[in-house]
Amino acid sequence: MALFDYVLEQPSYGWKDEQGNLVKPTPGQIFKEFFSRLNVFKSRKNWMTFTSWLQLMCLLPFMYLFFFEYFNWWYIIAGFVYSMILMGTHGTIWYHRYCTHGAYTFKSKFWRFVTQHLVIKTVFEEIYAVSHHVHHAKSDEPGDPYNANAGFLYCFLADANHQPINRNLSEEDYNKVVHLMRHTGVKPNSYKQYQKWGSIDNPVSVLISWALNWSFWFAAFYLIGEYLLGGTGMSFATSIFASAFVWTAGVRTFNYEGHGKGKDKRVEGVDFNNKDMSINQIWPGYVAGEWHNNHHLYPASARSGFLPYQLDLAYVYVWFLHKIGGIETYRDSKKQFLEQYHRPYVAQKKAMAENKANVSQQQVNAEV
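Every chain begins its residue count from 1, and numbering advances along the sequence as written. The predicted origin of the model limits local features to residues at a pLDDT of at least 70 and limits the giving and counting of side-chain atom pairs to 80 or more, whereas totals for whole chains, interfaces and linings rest on all residues. Only hydrogens and water are removed before side-chain values are computed, so all heavy atoms of the structure are retained for them.

Draft legend 1. Geometry of the packing of aromatic side chains. Stacked, tilted and edge-to-face are the three classes applied to pairs of Phe, Tyr and Trp rings, where Trp contributes its six-membered ring and a pair requires centres within 6.5 Å; stacked means planes under 30 degrees apart, edge-to-face means over 60, and tilted covers the rest. Taken as a whole and assessed by the stated rule, the structure comprises 41 aromatic pairs. Centre to centre, the rings of Tyr174 and Tyr191 are 5.9 Å apart; their planes meet at 55 degrees, and the pair counts as tilted. Of this pair, Tyr174 sits in helix 9 (residues 171-181) while Tyr191 sits in helix 10 (residues 191-197), and the two are 17 residues apart along the sequence. In terms of burial, Tyr174 and Tyr191 fall into one category: buried. Only when the NZ of Lys or the CZ of Arg is both within 6 Å of the ring centre and within 35 degrees of the ring normal is a charge said to sit over the ring. In this structure, Arg44 is placed above the aromatic ring of Trp197, and the distance from its NZ or CZ to the ring centre is 5.8 Å. Elements are defined by DSSP. Helices are runs of H or I of four residues or more, strands are runs of E of two residues or more, and each kind is numbered from the N terminus. Each residue gets one of three labels from its accessible area relative to the maximum for its type: buried under 20%, exposed over 50%, partly exposed in between, using a 1.4 Å probe on protein chains only.

Next comes the structure, spelled out in structure tokens:
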């Protein structure tokens, strides 16, 4: 078996049935698995999934305070920009294009650290990157951790139910998984520590990083509000952290939407990858640089917005950091996409139109 066949912890309902077909669990089965994976009293190896959802719950008080104490339409706009654009684009820059696909390389650890902590951090590299390798290897097939064909809940709760790594890997396989994460700066557990905690990352380092990241950004937004926005430190910081809740919950729905909700929604001339159901969408494309069908064509590219209208803010960041010396190298597949897919498509459509015009003219001539 290939590593990606078993690198993730299989849910109790399994990936596929005896005939090899995708298992589509009921909502009851999904919720039962979800609460089982959060139960740290059942197993301490559930610590990462528990902490992942604990982070989301810790953002709820900020939502309450914002709506009942600090509500302001200007904060709504600020929160939209921060969560949808800045956090969304950061997710593409850091977790997607770097941690998973290594689409670019940093000049130094300093720039990697800055990029990692550009925003309020609410996603673990380990949960995202390893499972995303599997997603590309098995896209829309049994074993895809967020397979849209299995429904919304299957995707929404995937970070707990389907994305954690297998807790019973051999030492050889564990070292292979660690190698997938080595460039991210995550300090891995020893194999003995992995056997104890069931993860690559150590809970102590995760909790310290979480505390420092949130403390820094709350203090930063408090100072911005206090000294630049006229004494609104607490309300401004609260509103930004409230907006982080929206993104952290919403990002769990992306792959369900990005793969057509289990239906073939690909559009000719827009979606050129025909190997899976991924689609290019205007909203995630513009706010986060996530042109998903393009990305599945060229997953290792630092750019996925290949056409003139496909704004790619994540690539703008990579390009800018490269210009100032923060990024050493990056891959850009735009030229390859245009040569292999778009120009042949345009030429074919032009030839078909000309042929249709010629046939019509011949019919006119024949009638005359």
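Additional details are given in the paragraphs that follow.
Draft legend 2. Fine view of a nonpolar patch on the surface. Distance thresholds for patches are 9 Å for like charges and 5 Å for nonpolar side chains (Val, Leu, Ile, Met, Phe, Trp, Tyr), applied to residues having over 30% relative accessible area and no salt bridge. In these tables, accessible area is a Shrake-Rupley quantity obtained with a 1.4 Å probe, and a residue counts as shielded only by the protein chains included in the view. For salt bridges, the criterion is a side-chain nitrogen of Lys or Arg within 4 Å of an Asp or Glu carboxyl oxygen. Taken together, the side chains of Tyr64, Leu65, Phe67, Phe68, Phe71, Trp73 and Ile76 define a hydrophobic patch exposed on the protein surface, amounting to about 770 Å² of accessible area. No other element matches the 4 residues that helix 3 (residues 60-68) contributes to the nonpolar patch. Following the sequence through the fold, Phe71 ends up in the loop between helix 3 and helix 4 (73-100). The class of Phe71 is partly exposed, set by a relative accessible area of 37%.

Draft legend 3. Representation of helix 6 (residues 125-137) in the model. To estimate how far a helix should reach, multiply one less than its number of residues by 1.5 Å. Helix length check: helix 6 (13 residues) gives 18 Å between terminal C-alpha atoms against 18 Å at 1.5 Å per residue, within 8%. Most of helix 6 is tucked away: 10 of the 13 residues are buried. Restricting attention to buried positions, one finds in helix 6 the residues Glu125, Glu126, Ile127, Ala129, Val130, Ser131, His132, His133, Val134 and His135.

Function-wise, these values are silent; they only describe arrangement.
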